[in-house]
Amino acid sequence: MKKLNVAIVGQGRSGRDIHGKYFKSDDNKYFNVVAIVDKLEHRRKRAAEEYGCDVYENVSDLYGREDIDLVVNCTYSQLHAPVAIDLLNHGFNVVSEKPFAKTYEDGCRMIKAAKENGVMLNIFQQSRFAPYYTKIKEILASGKLGDIKQVSINFSKFARRWDWQTLQSFSGGEVRNTGPHPLDQALDLMNYPENIRVFSKLDLATTFGDAEDYAKIILTAPNAPLVDIEITACNCYVPYLYLIQGSKGSLKGSVGHVDIKYYNPENEPQREVLAASMEDENRLPAYCSETLTFTEEAFDLEGDAFNVGTACYYKMIYDYLTEGKEMEINPEKQLLLQLKVVDLIHAQNPMPVKFD
């Protein structure tokens with residue numbers, strides 16, 4: 001099996017502790033890290049020891065190398081678009097961290113650069129392959145829950161934060177930082193509708209920065225379930241990651257466990273609608289009620305978005321680069337819609353800038 005050569009730009013939490021961790025793991029059978037780029041000297045020294053590869057201070061130091069098959073862009077969020085476009089224009093295939101870009105227009109420029117240079121661009125939406133999400137999609141496809149009416153996704157916690165991802169000037173905030181995971185899954189479950197409507201509210205709760213750490217997002221579209229997303233830093237009692245309501249039953253899920261409860265209408269009596277007042281056998285007022293026979297199933301899951309999801313994501317990238325297989329995650333057909341939604345959310349909730 002031919003291994004592909006990778007360069008990683010950035011050795012922060014994402015570049016080192018997510019992407020780098022995968023490339024150094026036993027799950028990685030497809031890539032060799034041959035170069036690391038980071039502005040900080042101590043990170044370059046550490047990377048040289050950890051990866052045994054070349055290290056550089058600037059992205060431009062990669063230019064002219066013809067042995068690099070893929071560059072992973074793990075820069076600050078506000079730099080994702082300009083760094084990716086620069087790399088694409090120099091003929092590199094690029095995986096860029098989420099958020100895809102700050103704006104829809106930036107995302108379009110990234111896709112245009114990839115097309116014009118005949119190279120690949122993809123965005124690290126590895127939660128699409130998280131075991132809990134693939135199990136949820138499998139259950140929904142089975143039809144056991146019937147017609148899905150509402151999907152509630154809760155990525156909340158109670159925590160204070162004061163790093164660069166709390167700053168608007170760095171494209172921070174929960175919508176662009178955490179939001180790409182639930183938004184990607186939500187739009188996938190809605191089948192990427194063209195006529196999507198968005199209601200949202202953003203606010204500050206516990207953050208020390210000026211970017212939102214409270215986000216309530218409701219998405220609706222014709223012939224799609226309503227999706228209710230919460231991403232907050234002020235919830236001490238998070239009840240679920242996923243709660244799905246269907247015409248035959250419901251689903252409740254966390255990263256490591258999914259429960260479903262549903263009934264079969266064919267095994268229950270048919271009911272005729274009564275316009276007259278209902279009474280019991282004693283002619284007393286009554287409320288319509290019955291005892292349905294429910295089936296309950298429980299699923300324990302192994303792994304999460306950061307191990308199983310990352311491994312599946314990079315297998316998708318490898319298969320595309322070596323065999324031309326279609327990628328399940330398509331930036332142009334899928335992720336640009338996410339950027340439209342994010343732009344609309346921020347347009348609905350302008351936040352005062354406190355830090356330049």
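Residues numbered from 1 in each chain as written. Predicted model: local features only at pLDDT ≥ 70, side-chain atom pairs only at ≥ 80, totals over all residues. Heavy atoms only, no water.

Spatially, β8-β9-β10-β7-β11-β12-β13-β14 is the arrangement adopted by the eight strands of the open sheet, whose pairing is mixed. In the strand order of this sheet, the two ends are held by β8 (197-203) and β14 (294-300), each with one partner. Taken over all neighbouring pairs, the strand axes of this sheet differ in orientation by 10° on average, direction set aside. The pairing of strand β7 (residues 148-154) with strand β11 (residues 242-246) spans five bridges and is antiparallel. Its bridge partner lying in β11, V151 is registered against I244. Here helix α5 (residues 131-142) sits on the sheet in contact with β7, β11, β12 (249-253), β13 (257-263) and β14, set at roughly 5° to β11. Along the sheet, helix α9 (residues 331-348) makes contact with β8 and β9 (214-220), crossing β8 at roughly 55°. (Pairing = 2+ DSSP bridges. Helix = DSSP H or I, 4+ residues; strand = E, 2+ residues; numbered from the N terminus. Axes fitted to C-alpha atoms, helices over the stretch in contact; angles between N-to-C directions. Contact = heavy atoms within 4.5 Å.)

Our focus in this paragraph is helix α7 (residues 180-189). Of all ten residues making up α7, ten are buried, and the element is well covered by its neighbours. Residues of α7 that are buried include every one of P180, H181, P182, L183, D184, Q185, A186, L187, D188 and L189, and no others. (Buried < 20%, exposed > 50% of the residue type's maximum accessible area, 1.4 Å probe, protein only.)

All told, the structure shown has 24 salt bridges when counted by the stated rule. When the shortest N-O distance is used, the salt bridge between D319 and K315 registers 2.8 Å. Here K315 and D319 lie together in helix α8 (residues 305-323), a separation of four residues that amounts to about one turn. Owing to a relative accessible area of 10%, D319 belongs among the buried residues under this scheme. The exposure class of K315 is partly exposed, given its relative accessible area of 28%. Three or more residues are tied together by salt bridges with common partners; here these are R16, D17, K24 and E50. (Salt bridge = Lys/Arg side-chain N within 4 Å of Asp/Glu carboxyl O.)

Now for the environment of K21. Locating K21 in the fold gives a position in helix α1 (residues 13-23). The class for K21 is exposed, based on a relative accessible area of 57%. When the C-alpha positions of K21 and H346 are compared, they lie 33 Å apart, and in sequence the two are 325 residues distant.

A few words now on the nonpolar core. With 57 residues, the main nonpolar core has F31, L62, F100 and Y314 as its most contacted residues. Beyond its immediate stretch of four places on either side in the chain, Y314 contacts H19, Y22, F23, F31, L70, V72, V95 and F124. In terms of nonpolar packing, the next biggest core, distinct from the first, is built from 42 residues, L145, V151, I244 and L301 among them. (Core = buried A, V, L, I, M, F, W, Y, C linked by side-chain atoms within 4.5 Å.)

Here T232 is to be found in strand β10 (residues 226-232). Look at T232 and you get buried, because its relative accessible area is 2%.

What follows concerns unusual backbone geometry. A cis amide bond links K98 with the next residue in sequence, P99, at an omega value of 0°. Assignment of secondary structure puts P99 in the loop between β5 (94-96) and α4 (104-117). Phi is positive for S171, close to 60°, though the residue is something other than glycine. Within the fold, S171 resides in the loop between β7 and α6 (174-177). At Y192, a position not held by glycine, the phi torsion is positive, near 50°. The exposure class assigned to Y192 is buried, which follows from its relative accessible area of 18%.

Before going further, it helps to examine the packing of helix α3 (residues 80-89) against α4. Packing of α3 against α4 brings their axes to within 9 Å, and their N-to-C directions diverge by 10°. With respect to α4, the element α3 is oriented roughly parallel. Of α4, the residues touching α3 (which contributes H80, A81, A84, I85, L88 and N89) are D106, R109, M110, A113, A114 and N117. (Parallel < 35°, antiparallel > 145°, perpendicular 65-115°, else oblique.)

Moving on: the sheet that holds strand β2 (residues 31-37). Spatial ordering of the open sheet is given by β3-β2-β1-β4-β5-β6, a layout of six strands whose pairing is parallel. Looking at strand neighbours, the two that pair on one side only are β3 (54-56) and β6 (121-123), the edges of this open sheet. Adjacent strand axes in the sheet meet at a mean angle of 25°, parallel and antiparallel pairs treated alike. Pairing of strand β1 (residues 4-9) with strand β4 (residues 70-73), which is carried by four bridges, proceeds in the parallel orientation. For I8, the partnering residue across the bridge sits in β4 and is V72. Seen against the sheet, α3 touches β4, β5 and β6 and runs at an angle of roughly 175° to β5.

Okay, the pairing of β9 next. One face of the sheet, then the other: side chains in a regular strand alternate in exactly this way. When β8 meets β9, the two strands line up antiparallel, connected through seven bridges. Bridge pairing in β9 places R197 opposite T220. In this structure, the hairpin formed by β9 and β10 is closed by a connection of five residues, where N223 is found at a positive phi of approximately 60°.

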